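# Breakdown of the fold
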Amino acid sequence: MKLQVKGRGHKTGGAKGVGHRTPLSSQSHQRLMHQVIHTGCDPALLGSRAEPVFFPKDRGLMNVYRGISTLTQSQTKKDSVGLIQQALVDLGFDIGHWGPRKDGVDREYGPDTESGVRAFQNTRSITPTGVMNQDTLKCLDEIRSKRLVPEHQQGAIPASEFQINSAQTGGRDEDLFFDRGSHLLNIETFLKIARLAKAHKGCQLTLEGYQSEDEVRAFGSQLATQRIQQVERSLQLLQHQTPGKCDPADSPARIARPLPNVSSGVSSYRQRRKVEVVPKTARSTTAPCPPGAVRIQPLDALTEKPVLEKSLDQARDFITLALGKLVRGHQDGNDALKAYFGSTRHRRKVRKNLTIWRSHVDGTMRNNHQKGTACLSSCRTAIAFNSGLGSHAMMTLCARYFAGTFSIPQELSNKQKKQAFVVLHEAGHGSIGTEDFGYGHRRLVAFLASQPNLALKNTDSYTRLVFCLSGHQSFCAPRMSANDVIDTTQISRADDQHDVRRGLAWLESWLQWVGQDVSGAYRTLEKSRRNGSWSNTYYQHRVFIPFARVFDLHRPNTRALPTFAEQRYMAAVLDRYLLMRRAASEGVHVSKGSQMQWASGSPGPQKRLVVDSAYLKLTRDRKRVERLLPFIIAATGSIDTNMRAKYEAFTKKDVKRNWDNAPR
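Residues numbered from 1 in each chain as written. Predicted model: local features only at pLDDT ≥ 70, side-chain atom pairs only at ≥ 80, totals over all residues. Heavy atoms only, no water.

### Let's talk about the side chain of Lys274
Inspection of the secondary structure puts Lys274 in strand S6 (residues 274–279). Residue classification places Lys274 among the buried residues on the basis of a relative accessible area of 6%. Within polar-contact distance, the side chain of Lys274 engages the side chain of Thr286 at 2.7 Å. (Helix = DSSP H or I, 4+ residues; strand = E, 2+ residues; numbered from the N terminus. Buried < 20%, exposed > 50% of the residue type's maximum accessible area, 1.4 Å probe, protein only. Polar contact = N/O pair within 3.5 Å; in protein donor to acceptor, adjacent residues only side chain to side chain.)

This is how it looks when you write it as structure tokens:
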């Protein structure tokens, strides 16, 4: 923008006039001084870093970070300047009152931005030139990486909302989990250690210490070693090193292996905050994911490619069998159409779609496939996934696909048929662009026949029909959940019980859909930050930008590359959605009371719901799911009271924008 400053035209980043800056408030100044005292810019540490920990690999910033160039008022690298300005504002520095939010972030390196840089340099004992040089950028990157709550949200939102704090619970004895930033043992973890000490008495154990990616930035890499030491002391106390199962005892009894920097891009923070105890006859189950780890690779021609080829052959043959029965007068075909699409009226449409589907299975999918490694965040929950459409479609298979270690669909026990079902499912996405409104193993698919407009877009309405018509009788009716426990003494009418299940089906689906989108956005943020350019415009514009607006994340503009703070926040929100979805999945205990309530828990809700008379009188699915949503959010102990409305608003916005606004 052009402003007149003392009678001269200057291009400025937010000056009302030279020398007329609003000073920092005393509160902001105290916070800054706290950071000066408690958060250092160690020259030795920063000098060894080859890339930023907070900022993305924006080209202009990387040139500064590497000492190739600087940013000054003579520079016009708007994207780079915007990221610098936002970091300064987030830390509480005043850089004027310009830009869309009047906070000085206007992507112009003007006098006020220079003053803000100079103020930051003064607090860090860097020569106050007002120029963003290598030392200043490295220090700013370090300081901002440790700030959880940006200045504009101070006091309104607790720091816990921006992170995942509590430890993972349960799991194998060999996985010893810790709270965020902690090396202290809880009771559950100590009991695991006691069982391990007894089971492996005298036998050598390797102690692998891990940290989540956010812990490395907040606490340094020593936490993995501290966790190992705590486990080591406990095993020593329990006399693991004395002869027992191994006699004579192995020496050394324990081997320490700290691995703090191998969780890059892994969104399951709780599962990476641990010590894994590896017996000498076993192998570690934790995939090492250092920065730059391989996330995508080709299929092994000898062991993996033949598995896929067999699955594709089976999927093709199953579709052919189904098409042979989807003809007028064939009773099995008619019954299957009624079960999954409500009537036989859509026979022609279903046949046409399955014909395209079969061609995709027998053509594109035989060439366009790849394997996702354990370091690919999508493989945290997925067996396989598809991106693109038609000849541009690419199927990614995760390790679980080849191992066959998945339980869906429940009707199949044969490993090869389960694998065929998976590729058949992914072919729907790649061939005709189906959506996963209702997975075959979840509740909603049983209710979609009454909404054929959605069923015709739903992947597993087709896959289950195909398996039914290819001789798998257990697929010939949509799977009805028998695991929800409805108190029939309080909810006695069959229609009411049916409507309760419908409401839970839609709630589970909403949380599944939004969780998938947030997971995809996390993956996009991590990859875009690492590569220095947006990797997926769908998740950028249809998920992350609306997310940033609802959750009040201040950004230079929609084009700005994501920072680690945004990546970390996305992981935290994903964690909450996964907790809610698990609570809403099958097995909910439902009773009736005078007031609606979902049983609260921490970090996630319990599987107990109380509905009231008003809920049972609702006649539309939309009203039911919108009534349930705020209650399960309120029951999620890791969601602060002030954030509940944001989760509700974002859920509805994402469903409206990306999921056909169903149910209408």
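### Concerning the packing of aromatic side chains
Taken as a whole, this structure holds 24 aromatic pairs when the rule is applied. Between Trp357 and Tyr462, the aromatic rings sit 5.1 Å apart at their centres with planes inclined by 50°, giving tilted as the arrangement. Taken together, the residues span a long stretch of sequence, with Trp357 in helix H13 (residues 347–362) and Tyr462 in helix H17 (residues 459–469) at a distance of 105 residues. Both residues of the pair, Trp357 and Tyr462, belong to the buried class. Of the aromatic side chains, those joined through ring pairs into one cluster are Phe162, Trp534, Phe544, Phe547, Phe551, Tyr569, Tyr577, Tyr647 and Phe650. The ring of Phe564 is capped by Arg217, whose NZ or CZ atom sits 3.9 Å from the centre of that ring. Note that Arg523 overlies the ring of Phe385, its terminal NZ or CZ placed 5.5 Å from the centroid. (Phe/Tyr/Trp six-rings, centres within 6.5 Å; stacked < 30°, edge-to-face > 60°. Lys NZ or Arg CZ within 6 Å of the ring centre and 35° of its normal.)

### Quick look at the pairing of S6
Working note: regular strand, side chains alternate between the two faces of the sheet. Buried residues dominate S6, accounting for six of its six residues. Side chains of S6 alternate between two faces, with Lys274, Glu276 and Val278 and Val275, Val277 and Pro279 buried alike. Across three bridges, the pairing between strand S3 (residues 175–177) and S6 is antiparallel. Among the inter-strand pairings, Leu176 is bridged to a residue of S6, identified as Val275. Two elements, strand S4 (residues 205–210) and S6, share five bridges in a ladder whose sense is antiparallel. In the strand pairing of S6, Leu205 is matched with Pro279. (Pairing = 2+ DSSP bridges.)

### Some remarks on a positive patch on the surface
Among the surface-exposed residues, Arg542, Arg549, Lys653, Lys656 and Arg657 lie close enough to one another that they form a single positively charged patch. When contributions to the positive patch are tallied by element, the ones reaching two or more residues are helix H19 (537–550) and helix H23 (644–658). Broken down by element, the positive patch gets its largest block of residues, three residues, from H23. Judged by its relative accessible area of 60%, Arg549 is exposed. (Patch = residues over 30% accessible without salt bridge, like charges linked within 9 Å, V, L, I, M, F, W, Y side chains within 5 Å. Areas by Shrake-Rupley, 256 points an atom, 1.4 Å probe, with all protein chains shown as cover. Salt bridge = Lys/Arg side-chain N within 4 Å of Asp/Glu carboxyl O. Lys, Arg positive; Asp, Glu negative; His and termini not counted. Charge placed at Lys NZ, Arg CZ, Asp CG, Glu CD.)

### Quick notes on a nonpolar patch on the surface
Together, Ile187, Phe190, Leu191 and Leu237 give the surface a local cluster of nonpolar side chains, amounting to about 420 Å² of exposed area. No other element matches the three residues that helix H7 (residues 187–199) contributes to the nonpolar patch. You can see Leu237 is positioned in helix H9 (residues 223–237). For Leu237, a relative accessible area of 65% puts it in the exposed group.

### Some words on the state of the cysteines
One pass over the full model with this rule turns up five disulfides. Paired by a disulfide, Cys289 and Cys375 hold their sulfur atoms 2.0 Å apart. Judged by the torsion about the S-S bond (-95°), the Cys289/Cys375 disulfide is left-handed. Placement of the pair is Cys289 in the loop between S6 and strand S7 (296–297) and Cys375 in the loop between strand S8 (369–372) and strand S9 (384–387), with a sequence separation of 86 residues. Assigned by exposure class, Cys289 and Cys375 land together as buried. Paired by a disulfide, Cys468 and Cys476 hold their sulfur atoms 2.2 Å apart. The S-S bond linking Cys468 to Cys476 shows a torsion near 95°; that makes this disulfide right-handed. A relative accessible area of 24% means that Cys476 is categorised as partly exposed. In the chain, the cysteines engaged in disulfides, taken in order along the sequence, are linked 1-2, 3-4, 5-6, 7-8, 9-10. (Disulfide = S-S within 2.5 Å.)

### A few points about the nonpolar core
Within the largest apolar cluster, 142 residues are counted, with the highest numbers of intra-cluster contacts made by Leu354, Phe551 and Trp598. Apart from residues no more than four positions distant in its own chain, Leu354 is found in contact with Ile319, Leu323, Leu326, Tyr462, Leu465 and Val466. (Core = buried A, V, L, I, M, F, W, Y, C linked by side-chain atoms within 4.5 Å. Contact = heavy atoms within 4.5 Å.)

### Remarks on the pattern of salt bridges
Evaluation of the coordinates by the stated rule reveals 48 salt bridges. Measuring nitrogen to oxygen at the nearest pair gives 3.6 Å for the salt bridge that ties Arg493 to Asp495. Across the pair Asp660 and Arg664 runs a salt bridge, and its minimum N-O distance is 3.5 Å. By sharing partners, the salt bridges in this structure join Glu309, Asp313, Arg316, Asp317, Asp362 and Arg366 into a single network.

### Details of the packing of H13 against helix H15 (residues 415–432)
Angle between the axes and distance between the axes: these two values describe a pair of packed helices. Where H13 meets H15, the closest approach of the two axes is 9 Å, and the angle between their N-to-C directions is 105°. Relative to H15, the element H13 is oriented roughly perpendicular. For the pair H13 and H15, contact is made by Asn353, Ile356, Trp357, His360 and Val361 and by Leu424, His425, Ala427, Gly428, Gly430, Ser431 and Ile432, respectively. (Axes fitted to C-alpha atoms, helices over the stretch in contact; angles between N-to-C directions. Parallel < 35°, antiparallel > 145°, perpendicular 65-115°, else oblique.)

### Things to note about the environment of Asp94
With respect to the helices and strands, Asp94 occurs in the loop between helix H4 (78–90) and helix H5 (111–123). Look at Asp94 and you get buried, because its relative accessible area is 12%. In this structure, the C-alpha to C-alpha distance between Asp94 and Lys527, residues 433 residues apart in sequence, is 31 Å. One polar contact links the side chain of Asp94 to the main-chain amide nitrogen of Gly96, over a distance of 3.2 Å.

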